[in-house]
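Coordinate analysis (summary)
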Amino acid sequence: AAIGAAAAVEPLVAPANVTDENDVKRTVAAVLEATGQINGVVNVAGITRDARIPKKSFADFKLVMAVHVHGTFLFTREVAAQHWQPLFKQNGNRPLDDGLNRFIVNFSSVSARTGKIGQIDYTAAKGAIEAITRTTALEFAVYRARVNAVAPGPVMTPMLAAVPAEGIEAMKERTLLGRLCQPEEM
């Protein structure tokens, strides 16, 4: 409702389980049906299941990888498969120089390059997202889509709610500004 009050158009709420291929396909199709086009995707879904390697369950490892990596892949693929690739084909397999601002923004983390105790799955997933971003940028050049990854430090999201105060303070001390990023700054 708050976004809708400030938006130029009515927001479309389309919930999806990012780890479910059919759910993502249905969601992208529903957005296309309602709007006629998708110009961009922001892949930001993420979770953590912190535990050191000897205590990390395989189920938690797979779940973290699925949300981050599979979700990023599935939404990226479906927007291309259902919308951008058909436009490319209609254009005689020539680059889409129609002036539309197409983009993919994937969320990584500085942890992809630094590692983090208790987060082998999270750091691996964020590293994979950076590799996905590079390959997608190469493949989506014909759609004239900008493909980038954002790799912030800690952001005060519900994901950090379970972190004890001393952990939050330690995170703050490691940032250049001495504070955590707020979601609206992203």
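As the structure is a prediction and not an experimental result, all values here were calculated from the model. (Residues numbered from 1 in each chain as written. Predicted model: local features only at pLDDT ≥ 70, side-chain atom pairs only at ≥ 80, totals over all residues. Heavy atoms only, no water.)

**Considerations on the overall build of the protein**
When helices and strands are tallied, the protein shows six helices and three strands. Written out in order from the N terminus, the α and β elements of the protein read α-α-β-α-β-α-α-β-α. Here the C-alpha coordinates of the protein stretch approximately 55 × 40 × 30 Å along the principal axes. Considering only residue pairs separated by 6 or more positions, the protein has 67% of its internal contacts joining residues 24 or more positions apart. (Helix = DSSP H or I, 4+ residues; strand = E, 2+ residues; numbered from the N terminus. Contact = heavy atoms within 4.5 Å.)

**Let's talk about the sheet that holds strand β3 (residues 145-150)**
If you trace the three strands from one edge of the open sheet to the other, you get β1-β2-β3, paired in parallel fashion. At either margin of the open sheet sits one strand with a lone partner, and together these are β1 (40-43) and β3. The mean inter-strand angle of the sheet, taken between neighbouring strand axes irrespective of direction, is 10°. Bridging between strand β2 (residues 102-107) and β3 involves six bridges; their strand directions are parallel. (Pairing = 2+ DSSP bridges. Axes fitted to C-alpha atoms, helices over the stretch in contact; angles between N-to-C directions.)

**Some points on the pattern of salt bridges**
Inspection of the entire model under this criterion finds 10 salt bridges. For E21, the salt bridge goes to K25, with nearest N and O atoms at 3.9 Å. You can see E21 and its partner K25 sitting in helix α2 (residues 21-35), four residues apart, about one turn around the helix. Classification of E21 as partly exposed rests on a relative accessible area of 35%. On the accessibility criterion, K25 (33% relative accessible area) is partly exposed. A salt bridge links R26 to D23, with the shortest nitrogen-to-oxygen separation between them at 3.7 Å. Placement of both R26 and D23 in helix α2 is noted, with a separation of three residues, approximately one turn of the helix. On the basis of relative accessible area, R26 is assigned to the exposed category, the value being 52%. (Salt bridge = Lys/Arg side-chain N within 4 Å of Asp/Glu carboxyl O. Buried < 20%, exposed > 50% of the residue type's maximum accessible area, 1.4 Å probe, protein only.)

**Some words on the nonpolar core**
Membership of the largest hydrophobic core comes to 23 residues, with the highest contact counts inside it found for V28, W84, F140 and Y143. Contributions of two or more residues to this core are made by α2, α3 (58-90) and β3. Ignoring anything within four residues of it in the chain, the contact list for W84 reads I38, N39, G40, V79, L96, R102, F103, I104, F140, Y143 and A145. (Core = buried A, V, L, I, M, F, W, Y, C linked by side-chain atoms within 4.5 Å.)

**Some points on the packing of aromatic side chains**
This structure, assessed with the given rule, holds four aromatic pairs. Consider the rings of F88 and Y143, whose centres lie 6.0 Å apart with planes at 80°: the pair is edge-to-face. On the criterion of sequence distance, the pair formed by F88 in helix α3 and Y143 in the loop between α5 (120-139) and β3 is long-range, its members being 55 residues apart. Y143 shares its class with F88; the two are buried. (Phe/Tyr/Trp six-rings, centres within 6.5 Å; stacked < 30°, edge-to-face > 60°.)

**Here's the deal with the packing of α2 against α3**
Relative to each other, α2 and α3 sit at 45°, their axes nearing to 9 Å. For the element pair α2 / α3, the angle class is oblique. Once α2 is placed against α3, the crossing between them reads as right-handed. Judged by residue contacts, E21, V24, K25, T27, V28, A29 and L32 of α2 engage L74, F75, R77, E78, V79, Q82 and H83 from α3. For the contact of α2 with α3, the per-class residue count stands at seven nonpolar, three polar and four charged. (Parallel < 35°, antiparallel > 145°, perpendicular 65-115°, else oblique. Left-handed = near helix turned anticlockwise from the far one by under 90°. Nonpolar A, V, L, I, M, F, W, Y, C, P; charged D, E, K, R; others polar.)

**Some points on α2**
Between its first and last C-alpha atoms α2 spans 21 Å; for 15 residues at 1.5 Å apiece the expected length is 21 Å, and the two agree. All of the buried residues in α2 are D23, V24, T27, V28, V31 and L32. Along the axis of α2, the buried positions cluster into a sector of 165°, meaning they face one direction only. Set apart from the buried face of α2 by more than 90 degrees, the exposed residues are R26 and E33. Looking at the packing, one finds that the buried side of α2 touches α3. One side-chain oxygen of the residue at the start of α2 lies 3.0 Å from the amide nitrogen of N22, identifying that residue as D20. Immediately downstream of α2, the backbone of G36 shows phi near 85°, a positive value. (Expected span 1.5 Å × (residues − 1). Arc of directions from axis to C-beta. Polar contact = N/O pair within 3.5 Å; in protein donor to acceptor, adjacent residues only side chain to side chain.)

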